[in-house]
Amino acid sequence: PSSDFPSAVLLQHFNIGYFLYDTVHVAVWDQRWMVHHLVAIAGYASSEVANVYSLANAVNTWVTEVGSLMYSAYLIHRTDSMYVAFVLCYTASRLYFAVWSFRVCGFAWEGMRGRSQFSYPPWAPYCVWLLQ
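Definitions and limits used
Residues numbered from 1 in each chain as written. Predicted model: local features only at pLDDT ≥ 70, side-chain atom pairs only at ≥ 80, totals over all residues. Heavy atoms only, no water. Phe/Tyr/Trp six-rings, centres within 6.5 Å; stacked < 30°, edge-to-face > 60°. Helix = DSSP H or I, 4+ residues; strand = E, 2+ residues; numbered from the N terminus. Buried < 20%, exposed > 50% of the residue type's maximum accessible area, 1.4 Å probe, protein only. Disulfide = S-S within 2.5 Å. Contact = heavy atoms within 4.5 Å.

K.L.:
Explain the packing of aromatic side chains here, please?
P.N.:
The tally for this structure, following the rule as stated, stands at 9 aromatic pairs. A ring pair is formed by Phe-19 and Tyr-44, whose centres lie 6.0 Å apart and whose planes are at 35°; its orientation type is tilted. Of this pair, Phe-19 sits in helix H1 (residues 6-29) while Tyr-44 is found in helix H2 (residues 34-50), placing the two residues 25 residues apart along the sequence. When its relative accessible area of 10% is taken as the criterion, Phe-19 is described as buried. By relative accessible area, which is 11% here, Tyr-44 ends up buried. Pairing Phe-86 with Tyr-90 gives two aromatic rings, centres 5.4 Å apart and planes at 35°, and the pair type is tilted. Note that Phe-86 and Tyr-90 are positioned in helix H4 (residues 80-112) at a spacing of 4 residues, about one turn of the helix. Overall, Tyr-90 belongs to the partly exposed group, its relative accessible area being 30%.

Okay, here's the thing in structure tokens:
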């Protein structure tokens, strides 16, 4: 349950607030990001309502943001060596993200088959499976 990971819940609350706030900007100025924002809000909100998978959301957020930070660092220092470092680190982060995603989907699969040791709404594993 999410309540076992208070730091993850805090990050999830921050993300919900950020995406709700930024959706106003997207609606006015940059509509091409609307689907992205709505999917993110749906994922965080369904996790919040079900009280599960906030740790998965937290890891997803950190891996994504670290990748964005690495790209920004490369844009500041556009050299061949920085590009190679960016590509290697970004690739490693995406490989970790793939392994993490398979683990999360494995937990969701257990929930879909009724074999999870945790109790949560029956729709929660399907949401995490689709959104992971």
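K.L.:
What's the story with the state of the cysteines in this structure? I'm lost.
P.N.:
Every disulfide links exactly two cysteines, by a covalent bond between their sulfur atoms. On inspection of all chains with the given rule, the structure shows 0 disulfides. Counting only cysteine sulfurs, Cys-105 is the nearest neighbor of Cys-127, a cysteine outside any disulfide, at a range of 13 Å. Taking relative accessible area as the criterion, Cys-127 reaches 25% and is therefore assigned partly exposed.

K.L.:
Just checking my understanding: could you explain the side chain of Asn-15 for this structure?
P.N.:
Checked against the element boundaries, Asn-15 lands in helix H1. Asn-15 sits in the buried class, given a relative accessible area of 6%. Beyond its immediate sequence surroundings of up to four residues, Asn-15 is in contact with Tyr-44 and Thr-61.

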